[in-house]
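# Chain and residue survey
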Amino acid sequence: MPYPVPPPEPPAIVQPAPMTSTKVELAKPTPPEKMPMEQTSNRAEDLTGTESIAASEPNWSFAETPIAQTPPPPTNTPSSPLPIPTPAPTPPPSNIPTQQLNAEGILELKADRQEFDQFRRVFTAEGRVTLRFRGALLTSDRLQVNLINRLAVADGNVALTRGEQVLRGARFRYNLVQEEGTIDQASGEIFIPTAGTDLNPNLPTNITAGVVPVGSVGDRALATQNNISQAGSVRITVGSQRNPSGIPGLPQEGGSVRRLRFEAAQIAFYPEGFQANNIRITNDPFSPPELELRAERAELRRVAPLRDEIRTTRNRLVFDQGFSLPLPSRTLVLDRNQRSPALFNFGFDGNDRGGVFIEREFNVLPQSPIQFTITPQFFVQRAIQDRSNIADLFGVRSQLSARLTPRTLIRGDGVLTSLDFSRVEESLRGSLRAQQLIGTHTLSLEASYRDRLFNNSLGFQDVQSSIGAVFFSPVVPIANTGINLSYQVGYQYVTADTDRLDLLEPVRSNNRISLGRFQASAALSRAFPLWQGEPLPATPEQGLKYSPTPIRPFLALAVGVTGVGTSYSNGDNQNSISGAVSLIGQFGRFSRPFLDYTAFNITYSQAFRSGLSPFLFDRLADDRILYAGITQQIYGPFRVGFQTAFNVGNGREISTDYFLEYKRRTYGITLRYNPVQELGSVGFEISDFNWNRGSREPFAGSGVIPVESGVIRSPQ
């Protein structure tokens with residue numbers, strides 16, 4: 001009969017075994033010359049020698065931590081337990097020169113045994129050693145410190161913790177003065193949180209499903225699952241809006257992919273970060289990992305108070321320990337900003353780009369906290385059909401993102417759909433937005449040229465120019481009612497198309513007019529959880545087989561009401577109030593091979609309008625809309641689905657997106673196509689890496705901004 005495995009022992013720093021403790025202050029010595037690193041095998045010589053990082057790739061693989069087994073108990077246990085004498089703690093040697101250990105901070109050392117060699121000036125600690133110094137914690141089986149040159153060497157189960165970063169290894173060598181050293185057979189975890197403070201999306205409590213949804217139905221159902229609270233309320237993300245950042249997220253179920261772990265033969269570290277050769281990084285919490293990033297060299301460093309980055313060279317992705325995909329870029333940056341994985345991206349845009357196109361993103365400022373990218377594009381389908389003008393076959397897209405402070409963000413976008421500069425007026429699009437978080441609200445100063453909007457049945461509309469400001473709220477819970485509120489007000493001076501002949505000049509070159517536009521809107525929503533099941537355990541063969549988070553089946557109902565009032569400088573007004581009811585749910589747990597996952601949503605919206613906008617881009621033309629979508633697992637990681645919007649009044653389709661997805665625990669691939677909008681994309685996403693194309697940018701490079709009830713949504 002096997003014996004049960006006891007719970008793991010607590011870390012050495014909290015074990016109740018007797019220890020001796022020495023707490024001393026180090027005197028500030030004269031810094032020696034910077035320590036060269038050269039490997040040596042003599043433990044005593046380590047305190048005076050040097051070492052270097054090996055350049056050859058080691059022959060090892062990610063391995064799970066073995067669990068210690070409890071030996072079987074003796075069969076002749078006495079009837080009454082015998083008292084176990086507690087060993088007397090070994091007192092620290094009386095000759096330890098604590099006054100000579102005074103350096104730049106407090107050094108606290110705990111161990112089972114301590115001794116000091118007065119002749120060699122070497123301090124030795126053995127048995128469950130813990131050392132605290134300058135905000136770091138070192139644990140090991142054995143530690144030696146040379147008091148002359150301030151070198152420390154630790155052996156056996158070494159772990160170095162600094163903040164959220166953890167380094168482990170077999171052997172550790174550290175210069176207490178220069179605060180740098182090496183770790184052999186190193187492994188650890190990298191934690192890269194989101195940068196700064198999130199800004200609010202506009203009107204996030206509008207529950208309509210939208211005509212330019214972000215992500216498939218399954219992705220949005222998973223986001224909704226993670227916002228179900230145990231108190232009986234649920235916050236639902238049904239449509240195109242991102243998950244409301246104004247609502248503090250609840251802790252997700254255990255086992256979700258959140259950190260990166262790595263292994264390397266040897267790591268050299270210093271106060272700003274570390275360097276490693278032949279490193280392997282994975283976002284998979286299990287071994288062997290299904291996805292790895294392998295690089296010849298990696299460096300983690302802090303480039304700003306709110307930004308760390310990992311810079312790797314000569315990279316390749318390895319899938320399921322087999323297929324290897326070299327990455328075109330020699331240098332790759334993993335930090336808190338969303339980036340392209342340096343692969344070619346494919347998209348489809350039947351309006352501006354003539355169909356299928358291919359693009360490649362380049363980071364212009366790789367060393368800067370400001371993210372500025374330029375993305376050249378080649379219009380493949382246009383090149384096949386019409387090559388009369390070579391300049392029309394190429395385009396370029398640029399993006400700027402600069403977080404000036406944790407509460408201030410500047411974003412800019414620019415698009416050229418032709419390099420024929422004689423047609424720049426019809427090929428150039430651009431926008432610049434400066435957003436400031438004021439308390440819990442967001443002030444956005446905006447200027448744009450030829451914004452591309454999609455206004456339901458009225459289709460694509462270009463706003464020739466717009467300048468103004470919008471002030472919008474986070475999600476505001478109303479007492480304990482479960483009702484959530486969001487609102488916004490704004491003013492813009494707009495030049496755009498109209499079909500009102502009374503506003504147009506008799507002789508004109510276009511149908512554009514310029515008017516001031518003031519708008520105020522508010523949305524209330526309330527969600528009702530109808531049922532929820534239990535997720536599977538967070539294991540690689542159950543809850544985390546195809547998903548980074550264990551799937552929790554649920555069914556929920558949401559109701560909402562949205563009011564919008566808009567007035568124009570010519571005296572026109574457009575006011576509306578709309579109500580919506582939505583049912584969203586997911587069934588199955590996405591762990592079995594066939595038909596083990598179904599996510600769906602269905603929403604009906606009814607609007608009542610008074611007045612009419614003089615513009616086409618924000619005119620409310622659809623008063624009754626039915627939204628519906630589904631995602632269904634077909635086999636293994638493959639899922640298919642669609643999201644559609646349908647005008648109930650005239651029986652016309654407004655827009656439909658089709659999805660084909662390949663989902664794994666650590667990465668996913670999404671093919672997406674919308675025949676009505678003539679847009680499509682191929683998206684590649686890696687969980688917890690900052691590579692994300694497809695689900696968050698629904699049509700790469702399209703720049704489509706949806707309009708709902710006359711309200712311009714946040715840019716996609």
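Predicted model only: the values in this text are computed from it and were never measured.

Moving on to the overall build of the protein chain. Helix and strand counts for the protein chain stand at 3 helices and 37 strands. The burial tally for the protein chain puts 49% of its 716 residues in the buried class. Within the protein chain, contacts between residues separated by at least 24 positions form 57% of all contacts whose residues are at least 6 apart in sequence. About 32,600 Å² of surface is accessible on the protein chain, with carbon and sulfur atoms providing 58% of the total.

Take the pattern of salt bridges next. Within this structure, the stated rule accounts for 33 salt bridges. Where Arg 452 meets Asp 352, a salt bridge forms, and the shortest distance between an N and an O atom there is 3.9 Å. Of this pair, Arg 452 sits in strand 22 (residues 441–454) while Asp 352 is found in the loop between strand 15 (345–349) and strand 16 (355–359), placing the two residues 100 residues apart along the sequence. The class of Arg 452 is buried, set by a relative accessible area of 3%.

The subject of this paragraph is helix 1 (residues 217–225). In terms of residue burial, helix 1 counts as a mostly covered element, since 7 of its 9 residues are buried. Of the residues making up helix 1, those classed as buried are Val 217, Gly 218, Arg 220, Ala 221, Leu 222, Thr 224 and Gln 225. On its buried face, helix 1 sits against strand 27 (554–568), strand 28 (573–588), strand 29 (597–611), strand 30 (624–635) and strand 31 (638–647).

So, on to the confidence of the model for the protein chain. Per-residue confidence for the protein chain averages 77 on the pLDDT scale, and 71% of its residues sit at or above 70. Confidence drops under pLDDT 50 across residues 101–106; counting only partners more than four residues distant or on other chains, this segment forms 26 contacts. Every residue in residues 228–257 scores below 50 in pLDDT, and together they form 95 contacts with partners more than four places removed in sequence or on other chains.

Let's shift gears to the environment of Tyr 449. Examined against the element boundaries, Tyr 449 turns out to sit in strand 22. You can call Tyr 449 partly exposed: its relative accessible area is 26%. Sequence separation between Tyr 449 and Ser 431 is 18 residues, and the spatial gap between their C-alpha atoms is 6.1 Å.

What the rule picks out here adds up to 18 aromatic pairs. Note on Phe 378 and Phe 394: the rings are 5.3 Å apart at their centroids and 45 degrees apart in plane angle, and the pair reads as tilted. One end of the pair, Phe 378, is in strand 18 (residues 371–378); the other, Phe 394, is in strand 19 (residues 394–405), and 16 residues separate them in sequence. Phe 394 sits in the partly exposed class, given a relative accessible area of 34%. Their ring planes at 20 degrees and their centres at 6.0 Å tell us that Trp 531 and Phe 587 sit as a pair that is stacked. One end of the pair, Trp 531, is in strand 26 (residues 512–532); the other, Phe 587, is in strand 28, with 56 residues separating them in the sequence. By relative accessible area, which is 36% here, Phe 587 ends up partly exposed. Taken together, the ring pairs in this structure connect Phe 319, Phe 323, Phe 638, Tyr 662 and Tyr 667 into an aromatic cluster. It is Arg 452 that lies over the ring of Phe 460; its NZ or CZ is 4.6 Å from the centre.

Here the focus is the side chain of Asp 618. Structurally, the position occupied by Asp 618 is in the loop between strand 29 and strand 30. A polar atom in the side chain of Asp 618 sits 2.8 Å from the side chain of Arg 517. Excluding anything up to four places from it in sequence, Asp 618 contacts Asn 455, Arg 517, Thr 566, Tyr 568, Gln 574, Ser 613, Val 707 and Gly 710.

It is worth spelling out the nonpolar core at this point. Core analysis: the biggest nonpolar cluster contains 44 residues, and Leu 138, Leu 143 and Phe 172 have the highest contact counts within it. Split by domain, this core shows at least three residues from each of two domains, domain 1 (107–193 + 258–327) and domain 2 (217–257 + 335–687). The residues contacting Leu 143, other than those within four sequence positions of it, are Leu 109, Phe 123, Thr 124, Ala 125, Val 129, Leu 131, Leu 138, Ala 152, Val 153 and Ala 154. Counting 12 residues, the second-largest nonpolar core is a separate cluster that includes Ile 513, Leu 515, Phe 615 and Phe 617.

Mapped onto the elements, Arg 450 comes out in strand 22. Among the residues examined, Arg 450 registers a relative accessible area of 9% and is labelled buried. Among the polar contacts made by the side chain of Arg 450, one reaches the side chain of Asp 462 at a distance of 3.3 Å. When residues no more than four places from it in sequence are discounted, the contact partners of Arg 450 are Glu 425, Glu 426, Ser 427, Leu 428, Arg 429, Asp 462, Val 463, Gln 464 and Ser 465.

Locating Ala 111 in the fold gives a position in strand 2 (residues 102–111). In this structure, the C-alpha to C-alpha distance between Ala 111 and Glu 126, residues 15 residues apart in sequence, is 5.9 Å.

It is worth spelling out the pairing of strand 15 at this point. Of all 5 residues making up strand 15, 4 are buried, and the element is well covered by its neighbours. Judged from the 5 bridges that link them, strand 15 and strand 16 form a sheet pairing that is antiparallel. Looking at the pairing, Phe 348 lines up with Val 356 of strand 16. Counting the residues that bridge the hairpin from strand 15 to strand 16 gives 5 residues, and of these Gly 354 lies at a positive phi of roughly 75 degrees. Where strand 15 meets strand 34 (residues 679–686), 3 bridges bridge the pair, whose relative direction is antiparallel. Across the sheet, residue Gly 347 finds its bridge partner in strand 34, namely Ser 681.

This part takes up unusual backbone geometry. Residue Pro 288 follows Ser 287 across a cis peptide bond; omega there is -5 degrees. The phi angle at Arg 314 is positive, at roughly 55 degrees, despite the residue not being glycine. Relative to the helices and strands, Arg 314 is located in strand 12 (residues 307–319). Look at Ala 479: it is not a glycine, yet its phi comes out positive at around 50 degrees. When you line up the elements, Ala 479 lands in the loop between strand 24 (476–478) and strand 25 (483–497). When its relative accessible area of 66% is taken as the criterion, Ala 479 is described as exposed.

For the rest of this paragraph, the subject is the pairing of strand 9 (residues 260–270). Of all 11 residues making up strand 9, 10 are buried, and the element is well covered by its neighbours. Here strand 9 pairs with strand 10 (residues 273–282) via 7 bridges, running antiparallel. Across the sheet, Phe 269 pairs through a bridge with Phe 274, a residue of strand 10. Count of turn residues in the strand 9/strand 10 antiparallel hairpin: 2 residues.

Before going further, it helps to examine the environment of Ile 467. Position of Ile 467 relative to the elements: it lies in strand 23 (residues 460–472). Among the residues examined, Ile 467 registers a relative accessible area of 55% and is labelled exposed. It is 9.6 Å that separates the C-alpha atoms of Ile 467 and Leu 432, two residues lying 35 residues apart in sequence. Residues in contact with Ile 467, not counting those within four places in the same chain, are Glu 446, Ala 447, Tyr 491, Gln 492 and Tyr 493.

Analysis parameters
- Residues numbered from 1 in each chain as written.
- Predicted model: local features only at pLDDT ≥ 70, side-chain atom pairs only at ≥ 80, totals over all residues.
- Heavy atoms only, no water.
- Helix = DSSP H or I, 4+ residues; strand = E, 2+ residues; numbered from the N terminus.
- Buried < 20%, exposed > 50% of the residue type's maximum accessible area, 1.4 Å probe, protein only.
- Contact = heavy atoms within 4.5 Å.
- Areas by Shrake-Rupley, 256 points an atom, 1.4 Å probe, with all protein chains shown as cover.
- Salt bridge = Lys/Arg side-chain N within 4 Å of Asp/Glu carboxyl O.
- pLDDT = per-residue confidence, 0-100.
- Phe/Tyr/Trp six-rings, centres within 6.5 Å; stacked < 30°, edge-to-face > 60°.
- Lys NZ or Arg CZ within 6 Å of the ring centre and 35° of its normal.
- Polar contact = N/O pair within 3.5 Å; in protein donor to acceptor, adjacent residues only side chain to side chain.
- Core = buried A, V, L, I, M, F, W, Y, C linked by side-chain atoms within 4.5 Å.
- Domains from an automatic or database assignment.
- Pairing = 2+ DSSP bridges.

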